[in-house]
Amino acid sequence: MSRWQYFGKRLLLSVPVLVFGASITFLVIRAGPLDPVSAIIGPQGDPQAYNRIREQLGLNEPLWRQYIDYMVDLFTFQLGESWVVQPERDVYSLLASYAPRTIWLGFWSVLIAVFIGIPLGFYAGLNPNTFSDYLASFGGIVWRAMPNFWLAVILMSVLSQSQSLFGFSWQNWLYETNVTGPPPLPGDLVTLLTSPDHFFPALKKIAPAAIVLGSASMGNEMRIGRTAVLETVNSNFIETAKAKGVPPRSLVWKHIFRNALIPLVPIITGEAFLLIGGSVLVETVFNISGIGYLFFQGIQNGDMPLVGSLMFVFILLVVVINIVQDLLYTIIDPRVGYDGGA
Amino acid sequence: MSVTDDPEEATLLERIQDDPGPAMRWLAGALLLFALEAGAVVNFVTGLFGPGMELPTLLSRELIPNNGFQTPAGVWKETFLGLSPAVAWGIRVALVYVYAIVCTWWLWRGYLVFREHYRYADWTPRDDMIDRLRGHRWGQFGAVIVFAFVIMAMFAPALGPTTVERTIQDPYSYTVDYYDENGELANVTVGQANLGARSQGTPDQNVGVMQYDEYGRFHPFGTLPSGKDMFTFMAAGARVSLFIGLLSIGLSGFIAASFALLTAYYKGLVDLAVVITGDSIMSLPRLLFVMLLSVVLADTWIAGIYSGGLLLALIFAATGWPILWRAVRGPAFQIAEQEWIDAAKSFGQKPRITMQKHMAPYILGYLLVYSSMSLGGIIIGVAGLSFLGLGVSAPTPEWGRAIDIGQSYVTTTSWHISFIPGILIVLVVTAFNALGDGIRDAIDPQSEGGEGEGSEAVAAGGGGA
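Residues numbered from 1 in each chain as written. Chains lettered and ligands numbered in written order. Predicted model: local features only at pLDDT ≥ 70, side-chain atom pairs only at ≥ 80, totals over all residues. Heavy atoms only, no water.

S.K.: For this particular structure, what's the right way to read the overall build of chain B?
M.R.: For chain B, the helix and strand inventory stands at 17 helices and six strands. With the C-alpha coordinates aligned to their principal axes, the bounding extent of chain B is approximately 90 × 60 × 45 Å. A total of 465 residues make up chain B; the buried ones form 50% of that total. In chain B, of all internal contacts separated by at least 6 residues, the share reaching a separation of at least 24 is 66%. When the accessible area of chain B is evaluated, it comes to approximately 21400 Å², of which 64% is carbon and sulfur surface. (Helix = DSSP H or I, 4+ residues; strand = E, 2+ residues; numbered from the N terminus. Buried < 20%, exposed > 50% of the residue type's maximum accessible area, 1.4 Å probe, protein only. Contact = heavy atoms within 4.5 Å. Areas by Shrake-Rupley, 256 points an atom, 1.4 Å probe, with all protein chains shown as cover.)

Below, the structure is given as structure tokens:
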């Protein structure tokens, strides 16, 4: 099977996954006892208004009718309007105003985790069974087991009291920022990336939340990086390279490093799951009004279209990331079979 | 005097009848150990049908009471042997753990007795697994912490310095005695005493770790901002977490194993259907979907059982089985390729029997490994939900809620409220992961850092909570 056939098969398989995922979401929010109408008119609303709004929202239609409308809307990317959280506002415009903060947060949490976790893991793997290896491994294991929300609470409190605790003020360090609250993102990407006055405060603001959100993946990357390096170091081709007289520097960088990266690919892409899920808790603690926070608000207020559409976006994201991961895998490691598992 | 002629055919019962000595001796010890705690079991069972029957029990708070009051002369009254409440409580905790350790040791002895006297084979592969586990320090560390956690959950009512009912659910129906400033013996409701024992983050409004409040009550983990004893809260919370974790892992493990066996045996269309179903469920962000479900189903009758604990367990089971199934699918497919499966098929054995007898035992070990690792993730997930105010509803204690309650006191003198539950979660989750590592190395010494790492990482992460 060629790479493109494999790719086609992967795409084809993702269609039922999408349909099924969206259907499960529909089943939960529409067929369940969720009641957006009483959330809109409040507990004391009179029954007439209640019925009128129900009629307007199309909730009196038979369920199969609602299902078809819902699926057609989603798959033509008409994400609808919010009903309760921000009534009559387009989900797209909500996404446009909430998503950048979450993307900024996710971007840095992946980057920080990758740039701390992988080097530490590789270092531990290259110096196995030394004190620093044990320290790094143990740190990784504990770091991985830490609940994000707890770490967030502790970090937030310590940083906001850093003046009285350590005599060092995090808030006034370099740029003046609060510990909590959304990051100060300018309107367009170019300003953010080119002007240091915008870039650094936004980075400093998001850093604690990003470290927390990346913590679990960082521990994973470290552990798996370590075992991958250990496995590669002990493999035959390294022996051969050593016997051939390859200098140590090129041995580490060219032969060990590149091969040890392979098992890390699914971990890095798998972070997407953790980020989407963890964003709710971290955004709640740090008071960042991002997608996770929006989703949580939507659930609590019974905002059906908002929740359904956001869920669909998440599923789409996960499916796309999975396909990209499989493709990356086949490119990086040609030994991976195209017909191994669906 | 053997019942059947062929010793290989004799059942365990027949083998014991042949040589009853060691088994009887072991059974006598087990009965003795059980008799010490029989009262608790009777109380629990009768409690299901009405008010529980009270019988004297070794590890009860009635036998070793730690609630008393101090006379102005400094003498403790009503506590165990007139000791201070801290010491009395310490003795009770020590006794509970000694009892639990002795019980576990006795079970282990039972296995050894079976191995020595009643097992037909001199050696089985399982012996090697146990030997490998014996040399696995990291796995043993995990086992010890998991053991401590399970005992904490099982003996929660006896371990706490006071009961959930007295201090958390119904504090105004119980009273405590104490000597007031005038040296008079006074009586006050627990609710009122709690008001005086609050931990509010200031040095004069705080009852910290291992401190007494002004009513002579001892608080090993300090108090909550409402003045309720935190150790009692944590012990009861451990029970809820363990219940949800075990039930959901049990259910999802069962689903995962059944699907893995079915798909490995029949392959083809069955496999494709389960792959698509599993992938669809896995493509939903787990934590968010669990949140959605727990909000949507919050008003149904099932959410009323065990303060929503049962519902959460079911939700976690329904969303968690694909992860476990992914982990055992590979091994199940490998087994299905073996010759003995072919032989069983052509022999005309029923598919169900083949799966049960010849395939299931091989994937059980893997299932155990991944279950142990996902259990930590579920504990974190449940705590995360109650941190947000979802899931297990108040007043039933849950660790995540303690973290939420203590949020604003982290950098004050009342740091213990948020800090201790977090540390305990880290410990317990690390321990479950370590135990999983140990079991994996024991059943499959070659696997160290094998292909399963990816799904293992997902399983242990708790979906980002």
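There's plenty left to go through after this.
S.K.: So what exactly am I meant to see when it comes to empty space enclosed by the protein here?
M.R.: Rolled over the atoms, a probe with the dimensions of a water molecule shows which regions are left empty. All names here are of chain B. Taken as a whole and assessed by the stated rule, the structure comprises five cavities of 30 Å³ or more. Within this model, the largest cavity holds a volume of roughly 100 Å³. Lining the largest cavity are 15 residues, and of these N67, P161, T162, R217 and H219 sit closest to its centre. When the residues that make up the lining of the largest cavity are grouped by side-chain class, the tally is four nonpolar, seven polar and four charged. Considered as a void within the structure, the second largest cavity measures approximately 60 Å³ in volume. Looking at the second largest cavity, the residues that line it are I249, S252, R286, F316, G320, I323, L324, S374 and I378. Of all the elements in the fold, those that place two or more residues in the lining of the second largest cavity are α9 (230–266), α12 (309–336) and α14 (351–387). Of the residues belonging to the lining of the second largest cavity, the class tally is five nonpolar, three polar and one charged. (1 Å grid on protein atoms, 1.4 Å probe; cavity = no way out; pocket = protein on both sides within 12 Å on 5 of 7 lines; lining within 4 Å. Points joined across faces, edges and corners; volume = space filled by probe spheres on them. Nonpolar A, V, L, I, M, F, W, Y, C, P; charged D, E, K, R; others polar.)

S.K.: Just checking my understanding: could you explain the interface of chain A and chain B for this structure?
M.R.: A common way to express how large an interface is: the accessible area buried when the components associate. At the junction of the two partners, chain A supplies 54 residues and chain B supplies 52 residues. Among the ionic pairs, B:D437 bridges to A:R223, the shortest N-O distance being 3.6 Å. Applying the counting rule to chain A against chain B returns one residue pair in polar contact (both at pLDDT 80 or more). Secondary-structure elements contributing two or more residues to the side of chain A that touches chain B are α1 (3–31), α6 (131–145), α7 (148–160), α10 (196–233), α13 (265–286), α14 (291–300) and α15 (304–332) of chain A. A class-by-class count of the residues in the side of chain A that touches chain B yields 39 nonpolar, 12 polar and three charged. (Salt bridge = Lys/Arg side-chain N within 4 Å of Asp/Glu carboxyl O. Polar contact = N/O pair within 3.5 Å; in protein donor to acceptor, adjacent residues only side chain to side chain.)

S.K.: What is the right way to look at the packing of aromatic side chains in this model?
M.R.: For any two aromatic rings, the description comes down to two numbers: the centre-to-centre distance and the angle of the planes. One pass over the structure, following the stated rule, counts 34 aromatic pairs over all chains. Aromatic side chains A:F199 and A:F200 sit 5.2 Å apart centroid to centroid with 85° between the ring planes, which places their arrangement in the edge-to-face category. Owing to a relative accessible area of 17%, A:F199 belongs among the buried residues under this scheme. Using a relative accessible area of 39% as the deciding quantity, one classes A:F200 as partly exposed. For the ring pair B:F149 and B:F432, a centre distance of 6.3 Å and an interplane angle of 85° mean the geometry is edge-to-face. Taken together, the residues B:F149 in helix α5 (residues 137–154) and B:F432 in helix α16 (residues 416–443) connect sequence positions 283 residues apart. The exposure class assigned to B:F432 is buried, which follows from its relative accessible area of 6%. Site record: aromatic cluster; members linked through ring pairs are B:W76, B:W89, B:Y212, B:F218, B:F221 and B:F231. For the cation-ring pair, A:R101 lies above A:Y98, with the distance from its terminal atom to the ring centre recorded as 6.0 Å. (Phe/Tyr/Trp six-rings, centres within 6.5 Å; stacked < 30°, edge-to-face > 60°. Lys NZ or Arg CZ within 6 Å of the ring centre and 35° of its normal.)

S.K.: Which parts of the structure should I look at to understand the nonpolar core?
M.R.: What tends to happen in soluble globular proteins is that the nonpolar side chains get buried as a cluster. Among the nonpolar cores identified, the biggest contains 173 residues, and A:F286, B:M291, B:L292 and B:M359 are the most heavily contacted of them. The two domains that each donate at least three residues to this core are domain 1 (11–122) and domain 3 (234–462) of chain B. Apart from residues no more than four positions distant in its own chain, B:M291 is found in contact with A:V280, A:F296, A:I299, B:L385, B:L388 and B:L390. In terms of nonpolar packing, the next biggest core, distinct from the first, is built from 14 residues, A:I118, A:F122, A:I224 and A:I238 among them. (Core = buried A, V, L, I, M, F, W, Y, C linked by side-chain atoms within 4.5 Å. Domains from an automatic or database assignment.)

S.K.: Would you mind showing me how to read the domain arrangement of chain B here?
M.R.: Each assigned domain of chain B is listed here: domain 1 (11–122), domain 2 (167–219) and domain 3 (234–462). If you average the C-alpha positions of domain 1 of chain B and of domain 3 of chain B, the two centres end up 31 Å apart.

S.K.: Can you help me understand the pairing of strand β3 (residues 175–179) of chain B in this one?
M.R.: In summary, the side chains of a regular strand alternate between the two faces of the sheet. Residue and element names in this part refer to chain B. Burial of the side chains of β3 is restricted to one face: V176 and Y178 are buried, whereas none of T175, D177 and Y179 on the reverse face is. The pairing of β3 with strand β4 (residues 185–189) spans five bridges and is antiparallel. Residue V176 lies in a different strand from β4, and its bridge partner there is V188. Counting the residues that bridge the hairpin from β3 to β4 gives five residues, and of these G183 lies at a positive phi of roughly 80°. (Pairing = 2+ DSSP bridges.)

S.K.: Would you take a moment to explain the confidence of the model for chain B for this structure?
M.R.: If pLDDT is low for a region, its predicted coordinates should not be looked at in detail. Residue and element names in this part refer to chain B. For chain B, the average pLDDT comes to 85, and 92% of its residues sit at 70 or higher. In the model, residues 449–461 has pLDDT below 50 throughout and makes 26 contacts with residues more than four positions away in sequence or in other chains. With a pTM of 0.89, the predicted complex shows an ipTM of 0.87. (pLDDT = per-residue confidence, 0-100.)

S.K.: Can you help me understand the pattern of salt bridges in this one?
M.R.: When the charged atoms of two side chains lie near each other, side chains of opposite charge can form a pair. Under the definition given, this model contains 12 salt bridges over all chains. In this structure, the salt-bridge partner of B:R440 is B:D437, at a minimum N-O distance of 3.5 Å. Residue B:R440 and its partner B:D437 are located together in helix α16, separated by three residues, close to a single helical turn. The class for B:D437 is buried, based on a relative accessible area of 6%. When salt bridges with common partners are traced through the structure, they connect A:R223, B:D437, B:R440 and B:D441 into a single cluster.

S.K.: Honestly, the side chain of B:S372 in this entry has me stumped. Any pointers?
M.R.: Residue and element names in this part refer to chain B. Here S372 is to be found in helix α14. With relative accessibility at 7%, the residue S372 sits in the buried group. Apart from residues no more than four positions distant in its own chain, S372 is found in contact with F432, L435 and G436.

S.K.: Help me understand the packing of α7(A) against α10(A), please; the structure alone is not making it clear to me.
M.R.: The axes of two packed helices give the description: the angle between them and the distance between them. Residue and element names in this part refer to chain A. Closest axis-to-axis distance for the α7/α10 pair is 9 Å, and the angle between their directions is 155°. By the angle class used here, α7 and α10 are roughly antiparallel. Here α7 runs over α10; the crossing is right-handed. Contacts from N148, L151, A152, L155 and L159 in α7 reach P208, V212, L213 and S215 in α10. Grouping the amino acids of the contact of α7 with α10 by side-chain chemistry returns seven nonpolar, two polar and no charged. (Axes fitted to C-alpha atoms, helices over the stretch in contact; angles between N-to-C directions. Parallel < 35°, antiparallel > 145°, perpendicular 65-115°, else oblique. Left-handed = near helix turned anticlockwise from the far one by under 90°.)

S.K.: Looking at this model, I keep getting lost on a negative patch on the surface. Mind explaining?
M.R.: Residues and elements named next belong to chain A. A cluster of acidic residues, E55, E61, D69 and D73, forms a negative patch on the protein surface. Relative to the elements of secondary structure, D73 occurs in helix α4 (residues 63–75). With a relative accessible area of 31%, D73 lands in the partly exposed category. (Patch = residues over 30% accessible without salt bridge, like charges linked within 9 Å, V, L, I, M, F, W, Y side chains within 5 Å. Lys, Arg positive; Asp, Glu negative; His and termini not counted. Charge placed at Lys NZ, Arg CZ, Asp CG, Glu CD.)

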